[in-house]
Amino acid sequence: MLMNPAGSNTVPPDHPRYESLMKRSRLISGFKDGIVVPEGLIAHGRGEMFDYLLGEVTIEPASISERAAAAFMLNARMPVISVNGNTAALCPEGIVELSSVTGARIEVNLFHWSEERASAIKAHLQRHGAREILAEGPDAALEGLHHNRGKCHVDGIYSADVVLVPLEDGDRAQALARMGKVVISIDLNPLSRTSLSATVSIVDELTRAIPNISRFARELGRDQKKIMGIIREYDNSRVLRAVFDYISKRFETLARE
Ligand code: PTJ
């Protein structure tokens with residue numbers, strides 16, 4: 001039986017909702033440690049709801065996006081993984097692994113900015129093996145976002161050509177897209193502005209998506225021909241249509257059972 005990181009309670013591994021309860025537990029723990037904001041707990045609930053619609057599995061269209069994400073990141077001049085409170089709490093080891101497989105920088109970017117939280121998230125990622133992390137002292141602003149949400153680093157997403165944004169706010173995803181970057185989103189809501197404005201929309205749960213991208217990146221290695229082929233053939237509108245189709249067919253099937 002694993003200890004529940006949120007406190008003294010334990011989550012029995014044979015509980016049918018074990019995985020889900022452990023994710024909540026990680027977020028509550030992150031909230032108590034000043035990593036996750038209260039809004040992050042609400043955002044997670046919304047994500048859980050969409051995950052139910054997908055059947056809590058990586059569906060084929062998401063897998064196609066995850067493979068494309070790996071290809072774009074491997075082909076990038078400067079790939080950056082943007083990490084917020086929820087991402088750091090849920091998947092720190094996965095982020096560190098993906099950064100090492102793809103050579104992407106890790107940058108802490110927050111919707112609800114505070115220097116203290118950026119610092120706490122950086123320390124949390126370092127405890128999970130991350131070395132270089134851009135966090136405190138942002139020195140740039142995303143074009144068109146003249147408030148805290150625009151804060152970033154010149155050596156991070158500001159100059160990146162490919163940016164992975166898990167659980168991103170729509171305004172910031174759109175600002176990055178307007179700046180001409182390849183935006184790879186991970187968002188369980190296929191209707192969010194983030195999913196609709198990304199170059200590669202991964203409609204999958206974060207802790208499934210991140211290791212999947214790492215696996216695809218490892219498989220692709222330095223096979224430039226394969227990488228370029230995947231990039232050329234990738235069609236994000238087709239992927240999003242396939243997600244809508246999957247959800248509606250799943251409901252049609254359930255309705256007939
Ligand atoms: O740490 P901060 O200050 O940067 O704030 C982070 C949050 C998540 C609070 C902030 O970015 C925010 O408010 O995001 P939104 O606009 O609520 O969007 C979050 C999106 O992520 C929603 O569409 C959710 O469905 C989705 N989501 C939530 N949990 C997961 C998820 N998608 C994939 N995996 C999840 N675990």
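As the structure is a computational prediction, the values presented were derived from the model and not from experiment. (Residues numbered from 1 in each chain as written. Predicted model: local features only at pLDDT ≥ 70, side-chain atom pairs only at ≥ 80, totals over all residues. Heavy atoms only, no water.)

## Things to note about the layout of surface pockets
Stated precisely, the cut-off is as follows: Space inside and on the surface of the protein is sampled on a 1 Å grid over the protein atoms alone, with a cavity defined as a set of points where a 1.4 Å probe fits but cannot get out and a pocket as an open set with protein on both sides within 12 Å along at least 5 of 7 lines; lining residues have an atom within 4 Å of a point. Grid points are joined across faces, edges and corners, and a volume is the space filled by probe spheres set on the points. We count a stretch as a helix when DSSP gives it H or I for four or more residues in a row; a strand needs E for two or more, and each element gets its number in order from the N terminus. Nonpolar residues are Ala, Val, Leu, Ile, Met, Phe, Trp, Tyr, Cys and Pro. Charged residues are Asp, Glu, Lys and Arg, and all others, Gly as well, are polar.
When its volume is computed, the largest pocket comes out at roughly 840 Å³. Forming the walls of the largest pocket are 41 residues, and the residues nearest its centre are A43, H44, R46, N86 and L167. Breaking the lining of the largest pocket down by element, the ones donating at least two residues are α1 (18-32), α2 (38-54), α4 (85-90), α8 (170-178) and α9 (193-197). Per element, the largest residue contribution to the lining of the largest pocket is 11 residues, and it comes from α2. Of the residues in the lining of the largest pocket, the class split is 12 nonpolar, 13 polar and 16 charged.

## What to know about the nonpolar core
The test is simple: Residues belong to one nonpolar core when they are buried, are Ala, Val, Leu, Ile, Met, Phe, Trp, Tyr or Cys, and are joined through side-chain atoms within 4.5 Å. Between buried and exposed lies partly exposed: a residue is buried under 20% and exposed over 50% of the maximum accessible area for its type, with that area taken using a 1.4 Å probe on protein chains only. When checking whether two residues touch, look at their non-hydrogen atoms; a contact exists if any pair is within 4.5 Å.
M73, L125, L164, I184 and I213 are the most contacted members of the largest nonpolar core, which totals 49 residues. The residues touching M73, leaving out its near neighbours within four places in the chain, are P79, I81, L98, T102, A104, V162, L164, I184 and I213. Grouped together as the second largest cluster of nonpolar side chains are 15 residues, L142, L145, A175 and A198 included.

## Concerning the site of the ligand
We apply this condition: Nearness is judged by heavy atoms alone; a residue qualifies as near a molecule or strand once a single heavy atom is within 4 Å of it. Polar contacts, as counted here, are pairs of nitrogen or oxygen atoms within 3.5 Å of one another; within protein the pair requires one atom able to donate a hydrogen and one able to accept it, and residues that are adjacent in sequence qualify only if both atoms are side-chain atoms. Residue burial considers only the protein chains on display, and all accessible areas are found by Shrake-Rupley using a 1.4 Å probe.
Near the ligand there are 21 residues, and of these R46, F111, R117, D187 and E205 occur at the shortest range. In this structure, an oxygen atom belonging to the ligand sits 2.8 Å away from a side-chain N or O atom of D187. Between a nitrogen atom of the ligand and a main-chain N or O atom of L188, the distance comes to 3.1 Å. Summarising the interface, the protein chains cover 94% of the accessible area of the ligand, which totals 750 Å² for the free molecule.

## Considering the pattern of salt bridges
Condition: Criterion for a salt bridge: a side-chain nitrogen of Lys or Arg within 4 Å of a carboxyl oxygen of Asp or Glu.
One pass over the full model with this rule turns up 14 salt bridges. Where D171 meets R193, a salt bridge forms, and the shortest distance between an N and an O atom there is 2.9 Å. In this pair, D171 sits in helix α8 while R193 sits in helix α9, placing the two residues 22 residues apart along the sequence. With relative accessibility at 23%, the residue D171 sits in the partly exposed group. Assessed through its relative accessible area of 40%, R193 is described here as partly exposed. Note that D245 is salt-bridged to K249, the shortest N-O span being 2.7 Å. Separated by 4 residues within a single helix, D245 and K249 lie in helix α12 (residues 236-256), roughly one turn from each other. One network of salt bridges, with partners in common, ties together R149, D169, D171 and R193.

## As for the pairing of strand β4 (residues 105-108)
Under the convention used in this document: Only strands that DSSP links by at least two bridges are regarded as paired with each other. Handedness of a crossover: with both strands directed away from the viewer, a clockwise path from the first strand across the helix to the second marks it as right-handed.
As defined by bridge partners, strand β3 (residues 79-83) adjoins β4 across 4 bridges and the pair is classed as parallel. Each residue of the ladder has a partner; that of I81, found in β4, is I106. In this structure, β4 lies alongside strand β5 (residues 133-134), joined through 2 bridges in parallel fashion. Each residue of the ladder has a partner; that of I106, found in β5, is I133. The handedness of the β4 to β5 crossover, carried by helix α6 (residues 115-127), is right-handed.

## Topic: the packing of aromatic side chains
Keep this limit in mind: Pairing of aromatic rings covers Phe, Tyr and the six-membered ring of Trp, with a centre-to-centre limit of 6.5 Å; geometry is then stacked below 30 degrees between planes, edge-to-face above 60, and tilted otherwise. Whether a charge lies above a ring is judged from NZ of Lys or CZ of Arg, which has to be within 6 Å of the ring centre and within 35 degrees of the ring normal.
Taken as a whole and assessed by the stated rule, the structure comprises 0 aromatic pairs. The ring of F216 carries R215 above its face, with NZ or CZ at 4.8 Å from the centroid.

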